[in-house]
Structure formats: structure tokens, C-alpha cells
Amino acid sequence: MASGAIKRFQDRVLGPNRIGLPSTTSDVWLLGVCYKLSEDEASEETDDGSVVAALKQDFSSRILMTYRKGFEPIKDTTYTSDVNWGCMIRSSQMLFAQALLFHRLGRSWRIKKSEKHEQDYLETLEPFGDSEASAFSIHNLIQVGESYGLAAGSWVGPYAICRSWESLVCKKRKQTDSEHQTLLPMAIHIVSGSEDGERGGAPVLCIEDVTKSCVEFSKGQAEWTPLLLLVPLVLGLDKVNPRYIPSLKATFTFPQSLGVLGGKPGASTYIVGVQDDNGFYLDPHDVQQVITVNKETPDVVDTSSYHCNVLRYVPLESLDPSLALGFYCRDKADFDDLCLRASKLAEESKGAPLFTVTKTHSLVSHSSCEFVEDTEEEREEDDWQLL
């Protein structure tokens, strides 16, 4: 549980603790799944067969990553805990863990406390341990993310953490194919509108670029692979511009949704659902002792610290404007569906798109710096609309 100091920090930065469901019967969308509440369910406790119970079971099955204490020092520092600075890293770990959970066990998977843990579930958690030996640890993210400002003791924004993950995945890709396929069996693609990702403007999701990312991931063996899309955004100055909130909420209705990395300035959370203008989130600011998850010993692993049973929500209008969307596409049909949903949402954005979708465009390859320009004919054929 959070200490008194951490609790005061949460109240000051995230606002007063809002727990449970708001007093409303509006639909709840949780990572692409809709829960339709009745008036009785929204106002009082209900039995285990209720929609609210199903919602809570879904929420508690999402992977929670929090501050940890007692891990080995990070590089040549004395930091053995990430308290007060590691929340963005922990939020990003939650999103990546959720992508792996979707890939291995599917969206309908739920945690079952009374049964032995599935191998795929433990394999999802294992790389997120707090040591250099764990592929997706805070230690390794900081090491590869130095060029983007990651450092022990310092807070970073969504764009920097997305690029750091890209670097870490590229590093792991150079290892054996079998190990890489097991660690993150999907291509990763970052949609960004400017070179530094912090200047605002609508990023462009280019289908041609995404295809290249999949081909590179498969080393030319396939035109399409499972895909993790990250979309860093800047949606205002001091807080999210209200014009963007309808589109932001709508992304949670997409079956490909992995939620949002976002929160208040200096205090990141992982937002996994919405109801009206509120976002339900997993909070990384609790401090827990470091533990080790080993898939070889499933009977002795206690993973309760990786889950949360408490629904917390925050008004979307109060979020920091710098955030990042995540989407998981299992195959090409899933990606095409995402693009179609993006086109439909564009018609309702009233000139405030989150990002745009195009088939091909003038681009700079981040990996090779190769400039490719499309033709006038190709530009005229581009019929994808704005999101």
C-alpha cells in the first residue's frame, strides 16, 4: 500500500482519490469492451453475476506495474527504488504487458486466483522483473533511453518513453531470433508527427511505413506480422483541449485499444477505460517490494502485486496534454479495421483529429534516414481520412 507521503502526493498531483463507478448509468468502455450498466448496478453492490462484477473482474485482470523497492542498483547509481520518478516507465510497462497478454491469451482472458497460473501468463510477466537480467526492466529501459533523457531519478514524458521502448526492442532484435520472438512477438511502430515529437500537430499513420516495420520484424519472411502501435500526442497547452476529448474517448471503443499513457504533469498513469468524461486508470504510485516471477516455478509465484481490484477514475479534461495511445493489431485484417474505424471517427472530429491515416507519403526513415517521396498520382489515390 502507499505510504502517507505517497498518498499525499497522489492527492496533490492526481487530485482527490475518486474510487468506484461515477453515479451514472452510462456505458463503460474498457479496452474495446463495452459494459452496459443498469441503474441498480451503478448505485449499489451487486451479486457476482452482474455487469459490474464482470467489469471489475476485467479491470483486475489487467497487469499493474508499480514503484518497487529493494531491487539491484541501476547501472552505476545508488538507486534501488524508483519511488517518485519511475511512474511513466511503470505505466509504459503496463501497456506493453497488456499487449503481450492480448497476443498470448486473448482479450477475453481473466485472472483466476484459485488455479495454477498459465505458462503464457507467467511468460508475460517474467521480462518485466527489476534487474538487468529481465529484458524489459526499468534498468534496461534507462540504459537504452539515455539519448531520450531517461535517467534514474528523473521523470520523462510519453514521447521519450515510446522511443526508448523502440530502442530496447531493436536491441533485443539483434539477439537470437527465438529469444526475440518470445520476448515481444510483434512489430513495434511509433506514429509521430515531428522529429522530436513534442511540437504538436497531428501525427501521420502511414500504412506503407507500418508494412515496412512488419517486413523488417520478420526479416523479409512476411509482409505482415502482429503489431504494436504507439501514438505520442500533444493535445493542448496546460491540459487537454476539450475539442479532443470526444475522439480520445472513442479510441477506447476500438477492439485494438491498449489504452493511454497519461496523467498529470509529473505523475503518469495507465488509463484503460472511460465512462462519460472520466478515465479509469491503473496507478503506479503505490510502493511494493521487488519480487521475481519465474515461469519454471508456477506453483510458488505470487502475482497478486501485479493486479488491482480498486477502480479509480480521473476527469479526462484534467489530463496533461502530452500522452500516448496504444493499439494492438493481431493481423492485417485487424489493422485494416483500425484504419476504417479511424476514418469513421474523422467525420466526427470537427477539425480536431488525434492523428491522420494515409496509404503513402513523403517520409524520413528513422532507421536509415532514407528519403522517399510519393508521386502526385499516389497522393490522389489516398482515400484515408483524418482521425
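In short, a report on the structure. The structure displayed is predicted, hence computed values, not measured ones.

### A few points about the overall build of the chain
A count of helical and extended segments in the chain gives 12 helices and 15 strands. For the chain, the proportion of its 387 residues judged to be buried stands at 56%. Of the contacts formed within the chain by residues at least 6 apart in sequence, a portion of 73% connects residues at least 24 apart. Total accessible area on the chain is roughly 16,800 Å²; 48% of this is exposed by carbon and sulfur atoms.

### Regarding the packing of aromatic side chains
Enumeration according to the criterion identifies 10 aromatic pairs in this entry. With 6.4 Å between their ring centres and 50 degrees between their planes, F128 and W165 make a pair best called tilted. Of the two residues, F128 sits in the loop between α5 (119-125) and α6 (138-144) while W165 sits in helix α7 (residues 158-173), which places them 37 residues apart along the sequence. Aromatic rings pair up to connect F96, F128, F136 and W165 into one cluster.

### Examining the environment of D302
Here D302 lies in the loop between β10 (287-289) and β11 (312-315). In this structure D302 comes out as exposed when scored by relative accessible area, which is 53%. In this structure the C-alpha to C-alpha distance between D302 and K113, which are 189 residues apart in sequence, comes to 9.8 Å. Side-chain polar atoms of D302 contact the side chain of S304, separated by 2.9 Å.

### Things to note about the pairing of β11
Covered by surrounding structure in β11 are R312 and V314 together with Y313 and P315, the residues of both alternating faces. The pairing of strand β9 (residues 278-282) with β11 spans 4 bridges and is classified as antiparallel. Within β11, the residue paired with N278 across the bridge is P315.

### A closer look at the nonpolar core
Residues F96, F136, W165 and Y270 are the most contacted members of the largest nonpolar core, which totals 67 residues. At 10 residues, the largest contribution of residues to this core is made by helix α4 (residues 87-105). Once residues within four sequence positions are removed from consideration, F136 is found in contact with Q93, L100, P127, F128, L141, W165, L168, L183 and L184. F217, I271, L316 and L319 belong to the second-largest nonpolar core, a separate cluster that totals 40 residues.

### Concerning the state of the cysteines
By the definition in use, this model includes 0 disulfides. Here C339 is not cross-linked by a disulfide; its sulfur's nearest cysteine counterpart is in C329, at 7.6 Å.

### Description of the pattern of salt bridges
Within the structure shown, the criterion is met by 13 salt bridges. D58 is the salt-bridge partner of R62, the closest N and O atoms lying 2.8 Å from each other. The exposure classification of R62 matches that of D58, with both residues buried. A salt bridge links E166 to R163, with the shortest nitrogen-to-oxygen separation between them at 2.8 Å. Placement of the pair is E166 and R163 together in helix α7, with a separation of 3 residues, close to one helical turn. Each of the two residues, E166 as well as R163, counts as buried. Salt bridges linked by common partners bring D58, R62, R107 and R110 together as one network.

### Examining the side chain of H117
The residue H117 is located in the loop between α4 and α5 in this model. A distance of 3.3 Å separates a polar atom in the side chain of H117 from a polar atom in the side chain of T303. Not counting residues within four places of it along the chain, the set of residues in contact with H117 comprises I111, L122, P298, V301 and T303.

### Some thoughts on the packing of α4 against α7
Axis separation between α4 and α7 bottoms out at 10 Å; the angle between their running directions is 55 degrees. One element, α4, and the other, α7, form an angle in the oblique class. Of the two possible hands of crossing, α4 and α7 adopt the one that is right-handed. Residues M88, I89, S92, Q93 and F96 of α4 form the contact with α7, whose own contacting residues are P158, I161 and W165. Each residue belonging to the contact of α4 with α7 can be placed in one class, and the counts come to 6 nonpolar, 2 polar and no charged.

### As for the pairing of strand β4 (residues 187-190)
Within a regular strand, side chains alternate between the sheet's two faces. By the alternation rule, side chains of β4 split into A187 and H189 and I188 and I190, which are all buried. By the bridge criterion, 4 bridges tie β4 to strand β6 (residues 227-234) in an arrangement that is parallel. Looking at β6, one finds that H189 is bridged to L229.

Reading the values: the criteria
Residues numbered from 1 in each chain as written. Predicted model: local features only at pLDDT ≥ 70, side-chain atom pairs only at ≥ 80, totals over all residues. Heavy atoms only, no water. Helix = DSSP H or I, 4+ residues; strand = E, 2+ residues; numbered from the N terminus. Buried < 20%, exposed > 50% of the residue type's maximum accessible area, 1.4 Å probe, protein only. Contact = heavy atoms within 4.5 Å. Areas by Shrake-Rupley, 256 points an atom, 1.4 Å probe, with all protein chains shown as cover. Phe/Tyr/Trp six-rings, centres within 6.5 Å; stacked < 30°, edge-to-face > 60°. Polar contact = N/O pair within 3.5 Å; in protein donor to acceptor, adjacent residues only side chain to side chain. Pairing = 2+ DSSP bridges. Core = buried A, V, L, I, M, F, W, Y, C linked by side-chain atoms within 4.5 Å. Disulfide = S-S within 2.5 Å. Salt bridge = Lys/Arg side-chain N within 4 Å of Asp/Glu carboxyl O. Axes fitted to C-alpha atoms, helices over the stretch in contact; angles between N-to-C directions. Parallel < 35°, antiparallel > 145°, perpendicular 65-115°, else oblique. Left-handed = near helix turned anticlockwise from the far one by under 90°. Nonpolar A, V, L, I, M, F, W, Y, C, P; charged D, E, K, R; others polar.

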